Amino acid sequence: DATLEVLQQEKPGLTLCYLPHLDYDLQRFGPDSPQADVAARELDAELHRLLTFAELNGIEVIVLSEYGIEAVERAIEPNRALRKAGLLEIHPAENGALLDPGNSRAFAVCDHQCAHVYVSDPNDLQQVTALLQALPGVERVYQQSELADIGLDHERSGELFLVAEAGTWFAYPYWIEGD
């Protein structure tokens, strides 16, 4: 609704619209679930509205997705492993324990089946690499020297980059037991 309103009223030269239908329910229930089928039908209906408006108004539309979702059977918790090893620090807050990246020697920023791992002291790289390689479900730990080979040699990339095995994903918010 908001996108259609912006297109009608503002007539911008470029509009970006996020349609979350194939994101959240597929993550919660899996890509083969009945909920995923419902989400796909809902997405079709919303896209129909948008595409119909665009066609009637001479607007070019590009539809894309930044990733695909596959069914997984287990989760890997790199931040819990880093916390247990004394490398990740948390800050207690009213709403729970929050990651304290400034005081952590290492922490992972996880997104589905990959994770950037930030290591503040180069002397910790060997320990962090060994710890993460030993986690069941980690397919590959890329070293900083290998990041250029996979297009990730960016100033904001972690010192390490993790890839999960098929059927496995990185769970991101868990720091300590019982969370």
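Higher on the page you've got the structure.
Residues numbered from 1 in each chain as written. Predicted model: local features only at pLDDT ≥ 70, side-chain atom pairs only at ≥ 80, totals over all residues. Heavy atoms only, no water.

A. Main features of the nonpolar core. In this structure, Val117, Val128, Leu132, Leu160 and Phe170 are the most contacted members of the largest nonpolar core, which totals 23 residues. No other element matches strand β4 (residues 106-111), which puts four residues into this core. Not counting chain neighbours up to four residues away, the residues in contact with phenylalanine 170 comprise Ile76, Pro78, Cys110, His112, Gln113, Cys114, Ala115, Val138, Leu162, Val163 and Ala164. (Core = buried A, V, L, I, M, F, W, Y, C linked by side-chain atoms within 4.5 Å. Buried < 20%, exposed > 50% of the residue type's maximum accessible area, 1.4 Å probe, protein only. Helix = DSSP H or I, 4+ residues; strand = E, 2+ residues; numbered from the N terminus. Contact = heavy atoms within 4.5 Å.)

B. Just unusual backbone geometry, in detail. Even without being glycine, lysine 11 reaches a positive phi, approximately 50°. Here lysine 11 shows up in the loop between α1 (2-9) and α2 (24-29). Assessed through its relative accessible area of 63%, lysine 11 is described here as exposed. Unusually for a residue other than glycine, histidine 112 sits at a positive phi of about 65°.

C. Structural detail: the packing of α1 against helix α3 (residues 34-56). The interhelical angle for the contact between α1 and α3, taken along N-to-C directions, is 10°, at an axis separation of 10 Å. Taken together, the axis directions place α1 and α3 in an arrangement best described as roughly parallel. Note on element contacts: α3 touches α1 through Arg49, Leu50 and Phe53, opposite Thr3, Leu4, Leu7 and Gln8. Each residue belonging to the contact of α1 with α3 can be placed in one class, and the counts come to four nonpolar, two polar and one charged. (Axes fitted to C-alpha atoms, helices over the stretch in contact; angles between N-to-C directions. Parallel < 35°, antiparallel > 145°, perpendicular 65-115°, else oblique. Nonpolar A, V, L, I, M, F, W, Y, C, P; charged D, E, K, R; others polar.)

D. Focus on the pattern of salt bridges. This model, assessed by the stated rule, comprises eight salt bridges. In this structure, glutamate 89 engages arginine 83 in a salt bridge whose closest nitrogen and oxygen atoms are separated by 4.0 Å. A network of salt bridges, in which partner residues are shared, links Asp1, Glu46 and Arg49. (Salt bridge = Lys/Arg side-chain N within 4 Å of Asp/Glu carboxyl O.)

E. Structural context of the side chain of glutamate 159. With respect to the helices and strands, the residue glutamate 159 is situated in the loop between β6 (138-142) and β7 (160-164). Arginine 105 provides the closest opposite charge to the buried, unpaired glutamate 159, separated from it by 12 Å. For glutamate 159, the side chain forms a polar contact with the main-chain nitrogen of valine 119, separated by 2.7 Å. In contact with glutamate 159, other than residues within four places in its own chain, are Val117, Tyr118, Val119, Leu125, Tyr142, Gln143 and Gln144. (Lys, Arg positive; Asp, Glu negative; His and termini not counted. Polar contact = N/O pair within 3.5 Å; in protein donor to acceptor, adjacent residues only side chain to side chain.)

F. Quick look at the pairing of β7. Of all five residues that make up β7, four are buried, and the element is covered over most of its length. Summarising the sheet, β6 and β7 pair through four bridges and their orientation is antiparallel. If you follow arginine 140 over to β7, its bridge partner there is valine 163. (Pairing = 2+ DSSP bridges.)

G. The arrangement of the packing of aromatic side chains in detail. Under the definition given, this model contains two aromatic pairs. For the pair phenylalanine 107 and tyrosine 118, a centre-to-centre distance of 5.3 Å together with 25° between the ring planes defines the contact as stacked. Of the two residues, phenylalanine 107 is situated in strand β4 and tyrosine 118 in strand β5 (residues 114-119); the sequence distance between them amounts to eleven residues. Relative to phenylalanine 161, the ring of tyrosine 142 lies with its centre 6.4 Å away and its plane at 45°, an arrangement referred to as tilted. Here tyrosine 142 is found in strand β6, whereas its partner phenylalanine 161 is found in strand β7, with 19 residues between them in sequence. The exposure class of tyrosine 142 is buried, given its relative accessible area of 16%. Residue classification places phenylalanine 161 among the buried residues on the basis of a relative accessible area of 9%. Arginine 140 extends its terminal NZ or CZ atom over the ring of tyrosine 142, reaching a point 4.0 Å from the ring centre. (Phe/Tyr/Trp six-rings, centres within 6.5 Å; stacked < 30°, edge-to-face > 60°. Lys NZ or Arg CZ within 6 Å of the ring centre and 35° of its normal.)

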